[in-house]
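Architecture at a glance
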Amino acid sequence: MRIIRAKDYDDMSRKAANIIAAQITMKPDCVLGLATGSTPIGTYKELVAAYENGDLDFSQITTVNLDEYKGITRENDQSYYYFMNDNLFSKVNIRKDYTFLPDGMEPDSKKACEEYDAIIEKVGGQDLQLLGLGHNGHIGFNEPAEVFKYGTHCVDLTESTILANQRFFASYDDVPKQAYTMGIKTIMQAKKILVVVSGKDKAAILKEVVEGPVTPNVQASVLQLHNDVIIVADEDALSLL
Ligand code: GLP
């Protein structure tokens with residue numbers, strides 16, 4: 001694991017965007033695995049700015065997102081589909097039909113997950129996978145568990161994740177309780193993995209991810225076993241390392 005120290009959130013966002021920009025420049029038709037959450041928003045802003053400056057071209061890029069809430073429409077402003085359009089896809093010259101997320105409106109979990117795995121396989125897997133880090137060490141929506149799940153699957157969100165997401169919804173009852181997420185094998189097959197982490201509230205979990213044992217109780221700890229992981233974290237997030 002390589003750790004790149006950033007001064008603060010903005011610095012983290014610039015550094016992470018530079019790594020993604022280098023990937024796009026070196027392989028203009030690459031497959032990017034993308035993430036949601038508040039942490040990568042600044043990274044997407046930097047990528048949009050680079051596109052507007054004429055430094056980046058998304059016209060041959062394919063994207064696969066980590067996850068999507070189950071039972072939420074694409075028009076819902078809390079869906080990850082909406083998030084990706086809002087933060088990136090509508091602002092760059094990407095081909096919309098080459099951007100993929102799990103189908104949150106497919107009620108048949110088995111079907112939704114098999115279809116998504118087939119898409120990821122068809123596009124050839126991720127050249128670079130961007131990840132945020134949940135407070136309990138989750139990546140995508142791979143919550144703490146007894147095992148690492150391989151492919152895309154339906155998860156029951158933990159209470160702490162539901163509570164963390166509640167701020168984005170009108171009430172607790174409105175927060176989806178399930179999601180479809182790429183599995184750990186799907187994430188680990190990415191050629192390169194880029195993790196963005198910011199804030200004091202992530203310091204304890206980041207320490208466990210980097211220095212603790214590899215365990216499904218802290219799903220992101222599995223990243224220790226990947227041979228090309230870059231963590232870009234700000235000083236607050238690195239304060240316990
Ligand atoms: C959600 C997403 C994750 C994300 C996590 C952390 O649960 N499914 O992919 O990494 O939130 O979010 P934040 O960056 O807002 O702390």
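Look a little higher up for the structure.
Summary of the structure given here. (Residues numbered from 1 in each chain as written. Predicted model: local features only at pLDDT ≥ 70, side-chain atom pairs only at ≥ 80, totals over all residues. Heavy atoms only, no water.)

**Some thoughts on the layout of surface pockets**
Considering only enclosed or pocket space, the largest pocket measures out at about 700 Å³ in volume. Thr 36, Gly 37, Ser 38, Asn 165 and Arg 167 are the residues nearest the centre of the largest pocket, which is lined by 34 residues in total. Every element with two or more residues in the lining of the largest pocket is listed here: strand S4 (67–69), helix H3 (80–87) and helix H5 (159–165). A per-element tally of the lining of the largest pocket places H5 first, with four residues. Each residue belonging to the lining of the largest pocket can be placed in one class, and the counts come to 13 nonpolar, 16 polar and five charged. Estimates place the volume of the second largest pocket at around 170 Å³. Surrounding the second largest pocket, Arg 74, Tyr 81, Lys 96, Thr 99, Phe 100, Leu 101, Pro 102, Asp 103, Ala 112, Glu 115, Tyr 116 and Ile 119 form its lining. (1 Å grid on protein atoms, 1.4 Å probe; cavity = no way out; pocket = protein on both sides within 12 Å on 5 of 7 lines; lining within 4 Å. Points joined across faces, edges and corners; volume = space filled by probe spheres on them. Helix = DSSP H or I, 4+ residues; strand = E, 2+ residues; numbered from the N terminus. Nonpolar A, V, L, I, M, F, W, Y, C, P; charged D, E, K, R; others polar.)

**Points about the pairing of strand S9 (residues 192–197)**
Burial of S9 is extensive: five of the six residues sit out of reach of the surface. Examined bridge by bridge, strand S6 (residues 128–131) and S9 share four bridges and lie parallel to one another. Pairing of Leu 131 across the sheet is with Val 195, part of S9. Strand direction decides the pairing type here: S9 and strand S10 (residues 229–234), joined by five bridges, are parallel. Bridge assignment links Val 197 to a residue of S10, and that residue is Ala 233. Handedness of the crossover joining S9 and S10 through helix H7 (residues 203–211) is recorded here as right-handed. (Buried < 20%, exposed > 50% of the residue type's maximum accessible area, 1.4 Å probe, protein only. Pairing = 2+ DSSP bridges. Right-handed = clockwise from strand over helix to strand, strands pointing away.)

**Topic: the site of the ligand**
As a structural note, the neighbourhood of the ligand is formed by Gly 37, Ser 38, Thr 39, Asp 67, Tyr 80, Gly 132, Leu 133, His 138, Gly 140, Phe 141, Arg 167 and Lys 202. The fraction of the free accessible surface of the ligand (390 Å²) that becomes covered by protein chains is 94%. Of the pockets mapped on this structure, the ligand occupies the largest pocket. Here the residues of the shell around the ligand are counted per class, giving three nonpolar, six polar and three charged. (Near = heavy atom within 4 Å. Areas by Shrake-Rupley, 256 points an atom, 1.4 Å probe, with all protein chains shown as cover. Sits in = over half its atoms within 2 Å of the grid points.)

In short, the description is geometric, and any link to function would need to be established separately.
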